[in-house]
Amino acid sequence: MNFAPGGGAVLSAPLFGCADGGEIMNFYTLLDGYEPYKQLKKDIDTGKTPVSVCGVVESAKAQLIAALCSGRSTLCVVYSDFEARALYDELCFYTDRAYLFCEKEYVFHNIDTRAHMTDFDRLAALDRIGGGGVFVASVGACMSYTLPKDKLAAGTHTVKIGDKLDADDFCAKLTEAG
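To keep things clear, this report deals only with the structure shown in the data block. This structure is a prediction, so every number in the text was calculated from the model and none was measured.

Cut-offs applied
- Residue positions are given per chain, counting from 1 as you read along its sequence in written order.
- Local features in a predicted model are, by the rule used here, given only for residues with pLDDT of at least 70; side-chain atom pairs are given and counted only at 80 or more, and totals for whole chains, interfaces and linings are based on all residues.
- Each side-chain value is worked out from all heavy atoms of the structure, with water and hydrogens disregarded.
- What counts as a salt bridge is simple: a side-chain nitrogen of Lys or Arg found within 4 Å of a carboxyl oxygen of Asp or Glu.
- The secondary structure listing takes helices from DSSP runs of H or I that are at least 4 residues long and strands from runs of E that are at least 2 residues long, numbered from the N terminus.
- Burial status follows relative accessibility: with a 1.4 Å probe on protein chains alone, a residue under 20% of its type maximum counts as buried, one over 50% as exposed, and anything between as partly exposed.
- Convention adopted: a line fitted to C-alpha atoms gives each axis, helices being fitted over their contacting stretch, and angles between N-to-C directions are expressed from 0 to 180 degrees.
- Roughly parallel covers angles under 35 degrees, roughly antiparallel covers those over 145, roughly perpendicular covers 65 to 115, and oblique covers all other angles.
- In this scheme the handedness of a crossing depends on how the near helix is turned from the far one: anticlockwise by less than a right angle means left-handed, clockwise means right-handed.
- Contacts were defined at the residue level, with two residues in contact if any of their heavy atoms lie within 4.5 Å.
- Three residue categories are used. Nonpolar comprises Ala, Val, Leu, Ile, Met, Phe, Trp, Tyr, Cys and Pro, charged comprises Asp, Glu, Lys and Arg, and polar comprises the others, including Gly.
- Two aromatic rings from Phe, Tyr or Trp, using only the six-membered ring of Trp, form a pair when their centres are within 6.5 Å; if the ring planes differ by under 30 degrees the pair is stacked, by over 60 it is edge-to-face, and anything between is tilted.
- Patch construction takes residues with relative accessible area above 30% that form no salt bridge. Like charges are linked within 9 Å, and nonpolar side chains (Val, Leu, Ile, Met, Phe, Trp, Tyr) are linked within 5 Å.
- Here, Shrake-Rupley sampling with a 1.4 Å probe gives the accessible areas, and only protein chains in the shown set may cover a residue.
- Working definition of a nonpolar core: buried Ala, Val, Leu, Ile, Met, Phe, Trp, Tyr and Cys residues. They are joined through side-chain atoms within 4.5 Å.
- When DSSP finds two or more bridges between a pair of strands, those strands are recorded as paired.

### A look at the pattern of salt bridges
- Inspection of the entire model under this criterion finds 4 salt bridges.
- With a shortest N-O distance of 3.6 Å, Glu35 and Lys38 are connected by a salt bridge. Taken as a pair, Glu35 and Lys38 lie in helix 1 (residues 35-45) at a separation of 3 residues, close to a single helical turn.
- For Glu35, a relative accessible area of 51% gives the class exposed.
- In this structure, Asp169 and Lys173 form a salt bridge, with 4.0 Å as the shortest nitrogen-oxygen distance. Note that Asp169 and Lys173 are positioned in helix 7 (residues 167-177) at a spacing of 4 residues, about one turn of the helix.

So this is what it looks like as structure tokens:
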């Protein structure tokens, strides 16, 4: 466990400890001695992808994915957005580099109460693709129209603490972005 500058603790890999002071187990290395897992990891490491794994109990899928995908960019495709959300929620226990890419919401009429969280989740996932992590998406999300990489980069504006902005210029950029 590492301590973050703000005083909080950051867990670098999920660990399981015993109350009686017994041995601590790292969830990423739990399966290292299991031969089918070793073969699967070897195939992924040598670029024999994509892979499809069947027969894994529901509660172990996220652990297996997190262990296999540690340190690399991975796309996990599931059947529905409901399954994608559930897998994403479980992956968040094992890694802080899990991202959800939802299906695009189509709204055919004007409503003021529409939440834009799905749009923000999609853009956040697209923005982080090059930086590694586990990206979870449904088949429908993978097939939906996505903003091209160059347009996303052109519409991205980073503002850091201490930066000085020209209010009119920044408002014009935000207006141009939509």
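### Quick look at the packing of helix 2 (residues 61-69) against helix 3 (residues 81-94)
- Close contact between helix 2 and helix 3 brings their axes to 9 Å; oriented N to C, the two are set at 55°. When the interaxial angle is binned, helix 2 and helix 3 end up oblique. At the point where helix 2 passes helix 3, the crossing takes the right-handed sense. Between helix 2 and helix 3, the contacting residues are Ala62, Gln63, Ile65 and Ala66 on the first element and Leu87, Glu90, Leu91 and Tyr94 on the second.
- Split into classes, the residues belonging to the contact of helix 2 with helix 3 amount to 6 nonpolar, 1 polar and 1 charged.

### Some thoughts on the packing of aromatic side chains
- Enumeration according to the criterion identifies 2 aromatic pairs in this entry.
- Here the aromatic rings of Phe93 and Tyr94 are separated by 4.9 Å at their centres, their planes lie at 85°, and the arrangement is edge-to-face.
- Ring geometry for Tyr99 versus Phe135: centroids 5.0 Å apart, planes at 25°, classification stacked. In this pair, Tyr99 is assigned in strand 6 (residues 98-101) and Phe135 in strand 7 (residues 133-138), connecting sequence segments 36 residues apart. Assigned by exposure class, Tyr99 and Phe135 land together as buried.

### Considerations on a nonpolar patch on the surface
- Together, Leu75, Val77, Val139 and Met143 give the surface a local cluster of nonpolar side chains, amounting to about 400 Å² of exposed area.
- Of all elements in the fold, only strand 5 (73-78) and helix 5 (139-143) reach the threshold of two or more residues within the nonpolar patch.
- Mapped onto the elements of the fold, Leu75 is located in strand 5.
- According to the relative accessible area criterion, Leu75 is exposed, its value standing at 53%.

### What about unusual backbone geometry?
- Of the consecutive residues Thr49 and Pro50, the connecting peptide bond is found in the cis state with omega at 5°.
- As for its placement among the helices and strands, Pro50 is situated in the loop between helix 1 and helix 2.

### A closer look at the packing of helix 1 against helix 2
- Running from N to C, helix 1 and helix 2 point in directions that differ by 45°, and their axes come no closer than 10 Å. Taken together, helix 1 and helix 2 sit at an angle that is classed as oblique. Relative to helix 2, the crossing made by helix 1 is right-handed. Packed against helix 1, whose contacting residues are Tyr37, Leu40, Lys41 and Ile44, the element helix 2 presents Leu64, Ala67 and Leu68 at the interface.
- Looking at the contact of helix 1 with helix 2, its residues break down into 6 nonpolar, no polar and 1 charged.

### Some thoughts on the nonpolar core
- Counting 21 residues, the largest nonpolar core has Ile65, Leu68, Cys76, Leu87, Leu91, Val134 and Val136 as its most contacted members.
- Among the secondary structure elements, those contributing two or more residues to this core are helix 1, helix 2, strand 5, helix 3, strand 6 and strand 7.
- Per element, the largest residue contribution to this core is 7 residues, and it comes from helix 2.
- Counting residues in each nonpolar core, the second largest holds 6 residues, with Phe101, Ala125, Ala137 and Ala141 among its members.

### Observations regarding the sheet that holds strand 7
- The 3 strands lie next to each other as 5-7-6, forming an open sheet whose pairing is parallel. Among the strands making up the open sheet, the edge pair consists of strand 5 and strand 6. Mean inter-strand twist for the sheet, computed between neighbouring axes without regard to direction, equals 20°.
- Sheet topology places strand 6 next to strand 7; 4 bridges connect them, and they run parallel. Each residue of the ladder has a partner; that of Leu100, found in strand 7, is Val136.
- Most of the contacts of helix 3 go to strand 7, to which it runs at about 160°, and overall it touches strand 5, strand 6 and strand 7.

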